[in-house]
Amino acid sequence: TKNWGDMWRIPKYFEFKELLEQCNFEAYELNGVKGSKVTGPNGNHIFMPSCGYMDGEEVLSASDVGAYWLSTPNSTSSVDRAYCGFVCGASSYYNNSFTKYIGANIRPVFDCTSPQVKTKEIGNITQTSAQCTGEVTFEGGTMVYERGICWNTSGNPTIEDNRVASGSGMGTFM
């Protein structure tokens, strides 16, 4: 058993369905391995190899299909089955009747959440300055490239307004 860490997991059925409905699949070969290049609406892409699946001792569809386990069980089946996503070059689909003894691949996903920031009260306010401190307490599975304070005099400040950078990653800023 491999421990991927807290932020990694096997995708759910609805996430694979979203991949099918919102992404473009094209037959692709990477370093001599056939598979699918899957491009999302934002232009980012992943490669999903066509490495088949195991049935007992036999590898099936090794260069035609990539079979990937999904973490969603099939609760409507009387047999112990789970959903499996299939990627076949330029097409893809899912199947809800794969028995769990079939050896499919795992393509883990990373749960990326927003960084957590705590801000303190603003103090020592004058006509030309104020004092404010905060702390990035959790990076959310991504790198915090800049932390600091932003402000303006006419509404809700954004990073496009005045700002003072005070480091990166987790930690306090003022």
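Parameters at a glance
Residues numbered from 1 in each chain as written. Predicted model: local features only at pLDDT ≥ 70, side-chain atom pairs only at ≥ 80, totals over all residues. Heavy atoms only, no water. Helix = DSSP H or I, 4+ residues; strand = E, 2+ residues; numbered from the N terminus. Buried < 20%, exposed > 50% of the residue type's maximum accessible area, 1.4 Å probe, protein only. Contact = heavy atoms within 4.5 Å. Areas by Shrake-Rupley, 256 points an atom, 1.4 Å probe, with all protein chains shown as cover. Pairing = 2+ DSSP bridges. Axes fitted to C-alpha atoms, helices over the stretch in contact; angles between N-to-C directions. Core = buried A, V, L, I, M, F, W, Y, C linked by side-chain atoms within 4.5 Å. Salt bridge = Lys/Arg side-chain N within 4 Å of Asp/Glu carboxyl O. Lys, Arg positive; Asp, Glu negative; His and termini not counted. Patch = residues over 30% accessible without salt bridge, like charges linked within 9 Å, V, L, I, M, F, W, Y side chains within 5 Å.

This paragraph deals with the overall build of the protein chain. Helix and strand counts for the protein chain stand at one helix and 15 strands. Going through the 174 residues of the protein chain one by one, you find that 26% of them count as buried. Sequence separation of 24 or more characterises 41% of the internal contacts of the protein chain that already satisfy a separation of 6 or more. With an accessible surface of roughly 11600 Å², the protein chain has 49% of that area assigned to carbon and sulfur atoms.

Here we take up the environment of Ser63. With respect to the secondary-structure elements, Ser63 resides in the loop between strand E6 (58-60) and strand E7 (66-73). The class of Ser63 is partly exposed, set by a relative accessible area of 42%. Ignoring sequence-local partners within four residues, the contact set of Ser63 consists of Lys34 and Ser50.

This part covers the sheet that holds strand E12 (residues 134-138). Read from one edge of the open sheet, three strands run E11-E12-E15, paired in antiparallel fashion. Only two strands of the sheet have a single neighbouring strand rather than two, namely strand E11 (116-119) and strand E15 (171-173). Averaged over all pairs of adjacent strands, the angle between strand axes in this sheet comes to 25°, irrespective of strand direction. With four bridges connecting them, E11 and E12 associate as antiparallel partners. Paired with Thr119 across the strands is Gly134, a residue of E12.

Counting residues in hydrophobic clusters, the biggest one holds 10 residues: Tyr53, Val65, Ala67, Trp69, Cys84, Phe86, Cys88, Phe98, Ile102 and Ala104. Broken down by secondary-structure element, the contributors of at least two residues to this core are E7 and strand E8 (81-88). The leading source of residues in this core is E8, at three residues.

So, on to the pattern of salt bridges. Within this structure, the stated rule accounts for three salt bridges. Here Lys17 ties to Glu21 by a salt bridge, and the two come within 3.6 Å at their closest N and O atoms. Here the residue Lys17 and the residue Glu21 both occupy positions in helix H1 (residues 13-22), the gap between them amounting to four residues, near one helical turn. On the accessibility criterion, Lys17 (32% relative accessible area) is partly exposed.

With that out of the way, let us pick up the sheet that holds strand E3 (residues 33-39). Strand order in the open sheet formed by three strands is E2-E3-E4, with antiparallel pairing between adjacent strands. Lying at the two open borders of the sheet, with one neighbouring strand each, are strand E2 (24-30) and strand E4 (45-49). Sheet twist, expressed as the average angle between the axes of neighbouring strands with direction ignored, equals 35°.

Locating Lys37 in the fold gives a position in strand E3. Although Lys37 is buried, it makes no salt bridge; Glu26 carries the closest opposite charge, 4.7 Å away. Here Lys37 is in contact with Asn24, Phe25, Glu26, Tyr28, His45 and Ile46, once residues within four sequence places are set aside.

Within the secondary structure, Thr172 is located in strand E15. Each C-alpha atom, one on Thr172 and one on Gly148, is 8.7 Å from the other, the two residues being 24 residues apart in sequence. Leaving out residues up to four positions away in the same chain, Thr172 has contacts with Gly134, Glu135, Arg147 and Ser166.

The subject of this paragraph is a nonpolar patch on the surface. Together, Trp4, Trp8, Ile106 and Phe110 make up an exposed nonpolar region whose accessible area comes to about 360 Å². Mapped onto the secondary structure, Trp4 falls in the segment before strand E1 (8-9). According to the relative accessible area criterion, Trp4 is partly exposed, its value standing at 32%.

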